[in-house]
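Chain by chain, the residues run as shown.
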Amino acid sequence: MEKLIVSSSPHFNGKKTTQNIMLDVIIGLTPAMIASVIIFGIRAAVVIITCIASCVLSEYISRRVMKRPQTVGDLSCVVTGILLALNLPVTINPLMAVFGSVAAIVVIKQMFGGIGQNFVNPALTARIILMNSFPAPMTHWTAAFDYSATADAVTTATPLSGMMYVNSPNSAPDYWQLFLGTHGGCLGETCALAIIIGGVYLIIRKVISPVIPVTYLATVAVFSALLGRDPLFDLLAGGLMLGAFFMATDYTTSPLYFRARIVFAIGCGVLTILIREFGSLPEGVSYSIVLMNIITPLIERYVKPRAFGKPKEKKGKGAA
Amino acid sequence: MQEFPKHPFRTHGGAPVPHHKNTWNAPSAVLPPPERVIIPMQQHIGAPCKPTVKKGDHVYVGQVVGDNDAFVCAPIHASVSGTVNSITKVLLTGGQMTEAVIIDSDGQMEPDPSIAPPPPIKSKKELADAARKAGLVGLGGAGFPAHVKLNVPDGKNIDTLIINVAECEPYVTSDHREALENGKNVLDGIYKVKEILDVHRVLIAVEDNKPDVIQKLTEIADDPQKDPKDEVRVLALKSRYPQGAEKVLVQACTGRKVAPGQLPADVGCLVMNIASVSFLASFMRTGMPLTLKRVTIDGSAIKNPQNVIVPIGTPIKDVVEFCGGYKSEPRKILMGGPMMGIAITSDELPILKQNNAILAFDAREAQQYETTACIRCGRCVAACPMELMPTKLEKATEKKDVEALQELDIMTCMECGCCAFSCPAGRRLVQAIRLGKSYVRKAGKK
């Protein structure tokens, strides 16, 4: 008999792998990608393909240069590419998209050790880098593609910046338009319907837990109402849906367990509304998630799960 | 009186492991006397026994061949009649060398003439003594001497007896067959233990993937003569690994949590495996100590998977041969189930008291999976029934950070394997935790 394999238990392994989780995320993002092409036309597809291709290439080259095992196959770079594209305006110069992809993969992901090691969400941070590097093109919003018109796309404000700068409280937002996404904004953030379909798919497939999205959205709604804003508008406008379902749930940069996830999501929600209400930026989702990413280790340090049956630690020093 | 739960209590985590209960439907076969048995002196948790026979001695079935005065220790008996061939050292699964008595069988299976039914047991003390005399250890896999468990300190009040028929490990069906073939015996044992320990709530906990066991045991437990107050009932558990782990089982049956470092007795529970309780009943009837064990022989490399009742000490090779031999080259042989079983180095090793299964896998199933980077998905945390953070334990182990390991309650881990099973990156979390535990133990000794 050949020598037997001796290894530590368990001798069984589940079927989930990093690769098929990432594939599920890609499937979950597909409705949003399709919606973006329908809403903004074929140029949206160009932006998405540019971002995916440059992310994959950046990952491949950086692993080669660093002489590390190749990780393109886990598909996480494809997810980053799609998420970045969905966070860009359709009129973006493709070279800027490439710049963003390289920043996301090389600087934010690979320089910190690759998958599982980045401390902030690569796609979101790349968006922030692009916003600060190229403020004008990054906020050049195009109205939804008008299939009946022959002229070039019309420049417009996003509903959120409209609310902020035009300051026209009388013009009630059209919720239906917000829900379907037929308005100005980034590629993937406009169509709430498509994002919710993708998010529900991920929850059903148990790729993400509903804890973060539900808490995040609920916090935004409650806090928005408290400040006298329009909660439904706040939920549907801007990048909130995309952020709540696909960005805040990023494994690497969000907490590992239930209680810390609740704190994380509440923090995201509060920051989002604070930025929208008091900040000079029209949109607060990217910053709020990235800020909460940064304090995730801190949350995990203070909000700990208690081991099975372990008695509660008594706080305070008692009679000293 | 304690109330009986209608449904099991919620437990944390667990893993949806495949069941592979291929052998539940066939009656157990009885192995003919093997030519030779190897009886190691360490078949339990605790102090090893010292051989009480010497080379050339004639032994009978049920005769003591090893014992020790230590409290945490169970005597070991000859499982065949014949002549002691030699006393040598054998390498056991844990990697330790242990003395073993090797007996050449005369094929007669002649019982020790001094064996007689013990006098009726009246007190707790007598019950514990009988368990020790019988050489009984936890037959569910741990091998903890039963008399230690039954010797409940006076201050601790046991109000619930839990009979473990969860059998949550994939493949293993030996408890399943025990329930179907020896159901009456099981109930006899339960009534006896219940009476002696003065417990008025007995829960027979069965995973709901064994409806036939639930039906059969419910039928015989419903006995108005022996149990007029209906104090023995069957509780169907959710089929989710690891329902049969002691702490998880206590929680599922009573909602009580056993704190780290404590025993089920601290929350008023006593857990006994079905095979142990059934054996106690037959010991009280016949006085024959533990010499036989029902084991599930299965796995992709076994020709005719089935349950076999074998004399303890029979080389695995002989049992596999009895099951038609290997149908393909075995690459991995496990003692126990695939989640917590131990991979062994050779099929010459003997069957031990606490073995409930031998699984032999071919190359395809023995294949090692690839390990990639942790993506912090939190699946291990969600899967841990002990509510620990396996990925953090792994990282602290890599850094040899004993303080962090202790803060993360590493010693609470029972190595059930749910974390590693759930890990999409295929990380060897249990292996890392075992290493981490050894760091903590070493640091504690300094």
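Criteria and thresholds
Residues numbered from 1 in each chain as written. Chains lettered and ligands numbered in written order. Predicted model: local features only at pLDDT ≥ 70, side-chain atom pairs only at ≥ 80, totals over all residues. Heavy atoms only, no water. Patch = residues over 30% accessible without salt bridge, like charges linked within 9 Å, V, L, I, M, F, W, Y side chains within 5 Å. Areas by Shrake-Rupley, 256 points an atom, 1.4 Å probe, with all protein chains shown as cover. Salt bridge = Lys/Arg side-chain N within 4 Å of Asp/Glu carboxyl O. Helix = DSSP H or I, 4+ residues; strand = E, 2+ residues; numbered from the N terminus. Buried < 20%, exposed > 50% of the residue type's maximum accessible area, 1.4 Å probe, protein only. Pairing = 2+ DSSP bridges. Contact = heavy atoms within 4.5 Å. Buried area = accessible area lost by both parts, 1.4 Å probe. Polar contact = N/O pair within 3.5 Å; in protein donor to acceptor, adjacent residues only side chain to side chain. Domains from an automatic or database assignment. Right-handed = clockwise from strand over helix to strand, strands pointing away. 1 Å grid on protein atoms, 1.4 Å probe; cavity = no way out; pocket = protein on both sides within 12 Å on 5 of 7 lines; lining within 4 Å. Points joined across faces, edges and corners; volume = space filled by probe spheres on them. Nonpolar A, V, L, I, M, F, W, Y, C, P; charged D, E, K, R; others polar.

Details of a nonpolar patch on the surface
Residue and element names in this part refer to chain A.
Here's step 1: A surface patch of nonpolar side chains, amounting to about 910 Å² of accessible area, comprises Val 107, Met 111, Phe 112, Phe 119, Leu 291, Ile 294, Ile 295, Leu 298 and Tyr 302.
Here's step 2: Elements represented by at least two residues in the nonpolar patch include exactly helix H14 (285–294) and helix H15 (296–302).
Here's step 3: Structurally, Leu 298 is set in helix H15.
Here's step 4: On the basis of relative accessibility, which here comes to 46%, the residue Leu 298 falls in the partly exposed class.

Observations concerning the sheet that holds strand E5 (residues 64–67) of chain B
Residue and element names in this part refer to chain B.
Here's step 1: Spatially, the 3 strands line up as an open sheet ordered E3-E5-E6, and their pairing is antiparallel. Only two strands of the sheet have a single neighbouring strand rather than two, namely strand E3 (50–51) and strand E6 (76–77).
Here's step 2: Relative to E5, E3 runs antiparallel, the two sharing 2 bridges. Looking across to E5, one finds that Pro 51 is bridged to Gly 66.

A short note on the interface of chain B and chain A
Here's step 1: If you look at the interface, chain B gives 59 residues, while chain A gives 38 residues.
Here's step 2: For the chain B and chain A pair, buried surface summed over both sides reaches about 4,100 Å², with 57% attributable to carbon and sulfur atoms.
Here's step 3: Applying the counting criterion to the chain B and chain A interface returns 4 salt bridges.
Here's step 4: Two residues, A:Lys310 and B:Asp409, come together in a salt bridge whose shortest N-O distance is 3.1 Å.
Here's step 5: Counting every contact that joins chain B to chain A gives 22 residue pairs in polar contact (both at pLDDT 80 or more).
Here's step 6: Secondary-structure elements contributing two or more residues to the side of chain B that touches chain A are helix H5 (246–254), strand E15 (332–335), strand E16 (342–344), helix H9 (379–383), helix H10 (390–398), helix H12 (418–422) and helix H13 (429–445) of chain B.

Focus: the domain arrangement of chain B
All names here are of chain B.
Here's step 1: When the domains of chain B are assigned, the result is domain 1 (31–106 + 289–365), domain 2 (124–286) and domain 3 (379–445).
Here's step 2: For domain 2 and domain 3, the distance between their C-alpha centres works out to 30 Å.
Here's step 3: Taken together, the 7 residues of domain 2 in the interface contact 7 residues of domain 3.
Here's step 4: Across the domain 2/domain 3 interface, buried area totals approximately 530 Å², and carbon plus sulfur atoms make up 68% of it.

So, the pairing of strand E10 (residues 202–207) of chain B
For a regular strand, side chains alternate in direction, first toward one face of the sheet and then toward the other.
Residue and element names in this part refer to chain B.
Here's step 1: Counting buried residues in E10 gives 6 out of 6 residues, a clear majority hidden from the surface.
Here's step 2: Strand direction decides the pairing type here: strand E9 (residues 160–165) and E10, joined by 5 bridges, are parallel. For Ile 163, the partnering residue across the bridge sits in E10 and is Ile 204.
Here's step 3: The handedness of the E9 to E10 crossover, carried by helix H3 (residues 174–197), is right-handed.
Here's step 4: As defined by bridge partners, E10 adjoins strand E11 (residues 232–237) across 6 bridges and the pair is classed as parallel. When the bridges of E11 are listed, Glu 207 appears paired with Leu 237.

Some details on the side chain of A:Thr190
Here's step 1: Looking at where A:Thr190 falls in the secondary structure, it is placed in the loop between helix H8 (175–180) and helix H9 (192–204).
Here's step 2: Beyond its immediate sequence surroundings of up to four residues, A:Thr190 is in contact with A:Ile39, A:Phe40, A:Leu178, A:Leu180, A:Gly181, A:His183, A:Gly184 and A:Gly185.

Here we look at empty space enclosed by the protein
Residues and elements named next belong to chain A.
Here's step 1: Under the definition given, this model contains 7 cavities of 30 Å³ or more.
Here's step 2: In this structure, the largest cavity encloses a volume near 340 Å³.
Here's step 3: In terms of lining residues, the largest cavity is bounded by 24 residues, among which Met 22, Val 79, Leu 83, Asp 250 and Tyr 251 are the most central.
Here's step 4: Going through the elements one at a time, helix H1 (18–40), helix H3 (76–86), helix H5 (122–133) and helix H12 (240–247) are the ones with two or more residues in the lining of the largest cavity.
Here's step 5: Ranked by the residues each element gives to the lining of the largest cavity, the list is headed by H3, at 4 residues.
Here's step 6: When grouped by side-chain class, the residues that make up the lining of the largest cavity number 15 nonpolar, 7 polar and 2 charged.

Section: the sheet that holds E15(B)
All names here are of chain B.
Here's step 1: The 6 strands lie next to each other as E1-E14-E13-E17-E15-E16, forming an open sheet whose pairing is mixed. The sheet is open, and its two borders are formed by strand E1 (29–30) and E16, each paired with just one other strand.
Here's step 2: Both E15 and strand E17 (residues 357–361) contribute to a ladder of 4 bridges, which runs antiparallel. Counterpart to Ile 333 in the pairing with E17 is Ala 360.

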